[in-house]
Amino acid sequence: MKIAMLARNANLYSHRRLKEAAEARGHTLDILNTLRCTVHIASHRPQVFYNGAPIAAYDAVIPRIGASITNYGLAILRQFEMSGIWSLNESVAIGRSRDKLRSLQILAKHGLGLPLTAYANDPKQAEEIIRAVKGPPVVIKLLEGTQGIGVVLAETMSSAKSVIEAFRGANVNILVQEFIKEAGGEDIRVLVIGGKAVAAMKRSGAPDEFRSNLHRGGSAEVIKITPEERSTAVRAAKRMGLNVCGVDLLRSNHGPVIMEVNSSPGLEGIESATGKDIAGQIIDFIAATAKGGSTKTKGRG
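We now turn to the structure provided with this report.

Rules behind the numbers
Residues numbered from 1 in each chain as written. Predicted model: local features only at pLDDT ≥ 70, side-chain atom pairs only at ≥ 80, totals over all residues. Heavy atoms only, no water. Helix = DSSP H or I, 4+ residues; strand = E, 2+ residues; numbered from the N terminus. Polar contact = N/O pair within 3.5 Å; in protein donor to acceptor, adjacent residues only side chain to side chain. Contact = heavy atoms within 4.5 Å. Pairing = 2+ DSSP bridges. Axes fitted to C-alpha atoms, helices over the stretch in contact; angles between N-to-C directions. Salt bridge = Lys/Arg side-chain N within 4 Å of Asp/Glu carboxyl O. Buried < 20%, exposed > 50% of the residue type's maximum accessible area, 1.4 Å probe, protein only. Phe/Tyr/Trp six-rings, centres within 6.5 Å; stacked < 30°, edge-to-face > 60°. Expected span 1.5 Å × (residues − 1).

1. Digging into the side chain of Ser252
By secondary structure assignment, the location of Ser252 is in strand E15 (residues 244–252). Reaching out from Ser252, the side chain makes a polar contact with the backbone oxygen of Gly255 at a distance of 2.5 Å. Those residues in contact with Ser252, other than ones at most four positions away along the chain, are Ile180, Glu182 and Val257.

Written out as structure tokens, the structure is:
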């Protein structure tokens, strides 16, 4: 197969591993800098150009679009899809995953476990939404933050109101969620590929840090998940429409709750913790599944 990967940094661990895994299986994988791709729009001739030249024919594309260029990256990916090139994760599904509010609305509609969440535009409603999630304490999140950036734990009513008013005063959209104290600063990342939970790790926050992100100094170890946790992760991936994703769960007193569904999960932490060849499993899934023109949404939305 001939595979394209949309990624800005070819040297990241995840991108190197995917390229190595593809080539070890006899495939070709080209890493294309997303920002060097351009779209030429003409009737009936959807095409992507790279460094000024039309891209070669590919059997599949792996989108590894950074959060800072989501809109541009999705525009490029849609053009690939409209050209009939199969995408590991489709543009519509990635767009859903990048919008935390939309993600939670979709998951809640299908009855998946979530922390109590509230959203409002007017900072005068701060106290109302804090009480709606049974706080304080509450967790306040930027709608488009990643790697734990833009996540604040507010432990009193006054501090929570101040943070909400500050964010809204800067015209930044936020969510307010209940604080799952019993999780103890730990979460579970479940890696789902093709509707199967293939690996899981427990991430623990650094000392005095309630966020468990590895980018924030957290640590990871392999963990055995429960059937309910496995089912929750698989259902979340399905409802979001993602073939490959990382589902982040907290263990609450009322069962697993979903914190986030990540459409471009990093591979270094989970491969190191579990010893599994996740990159190889992703390439094997592409080889078994990719079929020209079979993109479900045809690049719409």
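2. Topic: the sheet that holds strand E7 (residues 86–87)
Backbone hydrogen bonds hold the strands of a sheet together, and the pairing may be parallel or antiparallel. Taken together, the 4 strands give an open sheet; going across it, the order is E2-E1-E6-E7, and neighbouring strands pair in parallel fashion. The sheet is open, and its two borders are formed by strand E2 (28–32) and E7, each paired with just one other strand. Inspection of the sheet shows strand E1 (residues 2–6) paired to E2 by 5 bridges, in the parallel sense. By the bridge assignment for E2, Lys2 is matched with Thr28. Running over the sheet, helix H2 (residues 70–82) touches E1, E2, strand E6 (60–63) and E7 and is turned about 160° from E1.

3. Points about the pattern of salt bridges
Under the criterion given, the structure shown has 13 salt bridges. In this structure, Arg17 and Glu20 form a salt bridge, with 3.7 Å as the shortest nitrogen-oxygen distance. With Arg17 and Glu20 both in helix H1 (residues 13–24) and 3 residues apart, this pair spans about one turn of that helix. Residue classification places Arg17 among the buried residues on the basis of a relative accessible area of 16%. Of the charged contacts in the structure, one is a salt bridge between Asp277 and Arg17, with a shortest N-O distance of 2.6 Å. Separated by 260 residues along the polypeptide, Asp277 in the loop between helix H8 (268–274) and helix H9 (278–289) and Arg17 in helix H1 bring together distant segments of the chain.

4. Overview of the packing of aromatic side chains
For the structure shown, the criterion picks out 1 aromatic pair. Ring centres of Trp86 and Phe285 lie 6.3 Å apart, and the angle between their planes is 50°; on these two criteria the pair is classed as tilted. Of this pair, Trp86 sits in strand E7 while Phe285 sits in helix H9, and the two are 199 residues apart along the sequence. For the pair Trp86 and Phe285, one class covers both residues: buried.

5. Here we look at H2
Compared with the 18 Å implied by 1.5 Å per residue over 13 residues, the 18 Å span of H2 between its first and last C-alpha is a close match. Taken together, the buried positions of H2 are Thr70, Gly73, Leu74, Ile76, Leu77, Gln79, Phe80 and Glu81. Backbone geometry just after H2 places Gly84 at a positive phi near 90°.

6. What about the sheet that holds strand E3 (residues 37–40)?
Spatially, 3 strands are ordered E3-E4-E5 in an open sheet, and the strand pairing comes out antiparallel. Lying at the two open borders of the sheet, with one neighbouring strand each, are E3 and strand E5 (53–54). Strand direction decides the pairing type here: E3 and strand E4 (residues 47–50), joined by 4 bridges, are antiparallel. Paired with Cys37 across the strands is Tyr50, a residue of E4. In the packing of H2 onto the sheet, contacts are made with E3 and E4, and the angle to E3 comes to roughly 60°.

The analysis is restricted to geometry; functional conclusions fall outside its scope.
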